[in-house]
Amino acid sequence: MPDAAPTLAETINHPLLWFGAITVLVVILVQSVIYLRAARAAAAEVGMPAKQVRTAFRAGGVSAIGPSIAVCLVALSLLPLFGNPSTITRIGLIGSAAYETIAANLALGTMGSGLGDPNVDGNMLVTMLLALAIGGSGWMVVTLVMTPLMKRSMVAGTSTKTSRQRSARWAVLPTAALIGAFFTMGLKEVAANFNGAMVFGTSALIMLALTLLAKRLNKPTLLEFALGAAMIIAIVVGYFIS
Amino acid sequence: MSNTTARSDVSGATLNPMAGYDRITSVWGPITMLAGMAAMLVGPILMVFVGGYTVSPGALVTAVVAIALVMGVVWVIEPISYFPILGPGAMYQAFLIGNISTKLLPAAVTAQGSINAKPGTPQAQIAATLAICSAAIIHVGALVLVVAVFGQWLLTVIPADLLAAVTRFVVPAVLGAFLMQNIIGNRKQPKVLISGLAVGVLVIYVLVPMVPALATVAPLFGVVLTAAAAMLTFKPKPEADAR
């Protein structure tokens, strides 16, 4: 190109990228409000006491604090390369630091560069960000297409003749799917390397200990903090053994 | 999911108490997800049309194809794997904000446990939605604080090797605790637990070493095989299911 392209530094915190990032956060909040209202209406419908609604809401939020902060700390690794607004956009919506790093590297690779390479200019960054956004849409497009289809087959599976017996059988499905997914994902981490296995084991043992403690002390709210505590202790153990 | 318990059958006749929830989420779920997709694209697109940046269509297509070749399988596998766990309504929430296994599912399971909601009941579905909503709000708050406001400063104060340890160990650290939480929560269903463990061992220690390309789709195998095993061995027991 004849005239000099904008540099990476003058591009990464561009106001237009900030505009996109703020829009992303607003969409998440708007969706949460809509779902929250639907859930509260349904709670009234099934006669669920307001206290239970508050308890469930608080428990979910508290147990999300640890993972949220950890995920954001991981995302900090993208900051020097992506800038603040694009890090928010990429981590705020579907995706993870690991996925975005790999995808960004692939995208820059096709332009003869790589993540952290000093020859990345503004135009390349914008091309990469657009490619990442289109890539992130992949999950959403599949979700939008597949969810109604899978819902239909689920309803068909529970509304036939022997539906009563069948629906009891189908009720096992979410639990079995969850257990199957997480045993597999967990063992994958254990098999990957020794340090990962130690972190995994520590985290599981802390969770077990805190659950027993919560029962012994009769303090169920302790369980809301259990995940965050187990994570932090396990990561600290990983930090010291590696 | 959509089946109702025997108790709500008595009071609610044929009315599904979740009908309103299903209606709202099946309309607003896709709408908000499309809005999220648009929001994600708007920044870079404005950079091209308003900011005066140059993106060559050829370079963009090549980059997208490169990403799709490596990641495309994940885009399809993840929604299919999580559908049986999340149910239709929550799919639109989960695949908008992501971090499903490390954040949303632990929040949902903790919330269900906090009110002793049994899986498959409307209460469990409501608790999961409430939890995902509050997790989403915490998610936005953490992004604003940790990335937007204090991001640059945190990078200068946190030692690089500590950040590297967080990056490296965050996934096993969440999975260990969450798997234990689910083992404890489902200890009355040993058949499901044993199926899950057996399938996990089979997939990770037998299948993947034999066919390394299967590593990306390992969780899907875990979901499908465990679900099949649990459903095949399931024997309907009228009321022995109560805890």
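Here the structure is shown first, and the text comes after it.
Residue numbering note: each chain is counted from 1, following its sequence as written. Labels follow written order: the first chain is A, the first ligand is 1, and so on. pLDDT decides what is reported in this predicted model: residues at 70 or higher carry local features, side-chain atom pairs at 80 or more are listed and counted, and totals for whole chains, interfaces and linings draw on all residues regardless. Hydrogens and waters are ignored; side-chain quantities use all the structure's heavy atoms.

Engineer: Please clarify how a nonpolar patch on the surface should be interpreted in this entry.
Structural biologist: Residue and element names in this part refer to chain B. Surface patches are drawn from residues lacking salt bridges whose relative accessible area is over 30%; two like charges belong together within 9 Å, two nonpolar side chains (Val, Leu, Ile, Met, Phe, Trp, Tyr) within 5 Å. For the area figures, the Shrake-Rupley method with a 1.4 Å probe applies, and any residue is considered shielded solely by the protein chains shown. When a carboxyl oxygen of Asp or Glu is within 4 Å of a side-chain nitrogen of Lys or Arg, the pair counts as a salt bridge. Judged by side-chain polarity, Leu197, Val201, Leu202, Tyr205, Val206, Met210, Val211 and Leu225 come together as a nonpolar surface patch covering roughly 660 Å² of accessible area. The helix count covers DSSP runs of H or I at least four residues long, the strand count covers runs of E at least two residues long, and both are numbered beginning at the N terminus. The greatest single-element share of the nonpolar patch, amounting to six residues, is contributed by helix 9 (residues 190-210). Here Val206 lies in helix 9. Each residue's exposure class comes from its accessible area (1.4 Å probe, protein chains only) as a fraction of the maximum for that residue type: buried when under 20%, exposed when over 50%, partly exposed otherwise. Among the residues examined, Val206 registers a relative accessible area of 37% and is labelled partly exposed.

Engineer: Help me understand the packing of helix 5 (residues 100-114) of chain B against helix 8 (residues 160-185) of chain B, please; the structure alone is not making it clear to me.
Structural biologist: Angle between the axes and distance between the axes: these two values describe a pair of packed helices. Residue and element names in this part refer to chain B. Helix 8 packs onto helix 5 with a crossing angle of 25° between their chain directions and a minimal axis gap of 11 Å. When the axes of helix 5 and helix 8 are compared, the pair comes out roughly parallel. Considering only the axes of helix 5 and helix 8, their crossing is left-handed. Contact with helix 5, carried on its side by Ser101, Thr102, Leu105, Pro106, Val109 and Thr110, involves Val174, Phe178, Gln181 and Asn182 of helix 8 and no other residues of that element. In terms of residue class, the contact of helix 5 with helix 8 is built from five nonpolar, five polar and no charged. Angular values range over 0 to 180 degrees, each being the angle between N-to-C directions of two axes fitted as lines to C-alpha atoms, with helices fitted over their stretch in contact. Orientation labels follow simple angle bins: below 35 degrees gives roughly parallel, above 145 gives roughly antiparallel, 65 to 115 gives roughly perpendicular, and whatever is left gives oblique. Take the far helix as your reference; a near helix turned counterclockwise from it by less than a right angle gives a left-handed crossing, and one turned clockwise gives a right-handed crossing. The contact definition used throughout considers only heavy atoms, calling two residues in contact when any of these lie within 4.5 Å. All residues other than Ala, Val, Leu, Ile, Met, Phe, Trp, Tyr, Cys, Pro, Asp, Glu, Lys and Arg, Gly among them, are scored as polar; the first ten of these are nonpolar and the last four charged.

Engineer: Help me out: how do you make sense of the nonpolar core in this one?
Structural biologist: Nonpolar side chains tend toward joint burial in soluble globular proteins. What makes a nonpolar core is a set of buried Ala, Val, Leu, Ile, Met, Phe, Trp, Tyr and Cys residues whose side-chain atoms join them at distances within 4.5 Å. Core analysis: the biggest nonpolar cluster contains 134 residues, and Met128 and Phe182 of chain A together with Ile67, Leu86, Phe95 and Leu105 of chain B have the highest contact counts within it. Here this core takes 15 residues from helix 7 (residues 122-158) of chain A, the largest share from any one element. Every residue in contact with Leu105 of chain B, bar those within four places of it in the chain, is listed here: Leu178 and Phe182 of chain A together with Tyr82, Ile85, Leu86, Ile100 and Phe178 of chain B. Ala204, Ile206 and Ala226 of chain A together with Ala177 of chain B belong to the second-largest nonpolar core, a separate cluster that totals ten residues.

Engineer: What is the right way to read the interface of chain A and chain B from this model?
Structural biologist: Counting residues at the interface gives 141 residues for chain A, matched by 149 residues for chain B. Using a 1.4 Å probe, buried area is obtained as the accessible area two parts lose upon being combined, added over both of them. Buried area between chain A and chain B, summed over both chains or domains, comes out near 13,200 Å², and the portion from carbon and sulfur atoms is 81%. Summed over the three residues of chain A that lose the most area to chain B, namely Tyr35, Phe182 and Phe183 of chain A, the buried surface amounts to 6% of that side. Linking chain A with chain B are zero salt bridges, by the criterion used here. Polar contacts, as counted here, are pairs of nitrogen or oxygen atoms within 3.5 Å of one another; within protein the pair requires one atom able to donate a hydrogen and one able to accept it, and residues that are adjacent in sequence qualify only if both atoms are side-chain atoms. Inspection of the chain A/chain B interface yields 15 residue pairs in polar contact (both at pLDDT 80 or more). Counting residues per element, the side of chain A that touches chain B draws most heavily on helix 7 of chain A, at 27 residues. Looking at side-chain class alone, the side of chain A that touches chain B contains 90 nonpolar, 41 polar and ten charged residues.

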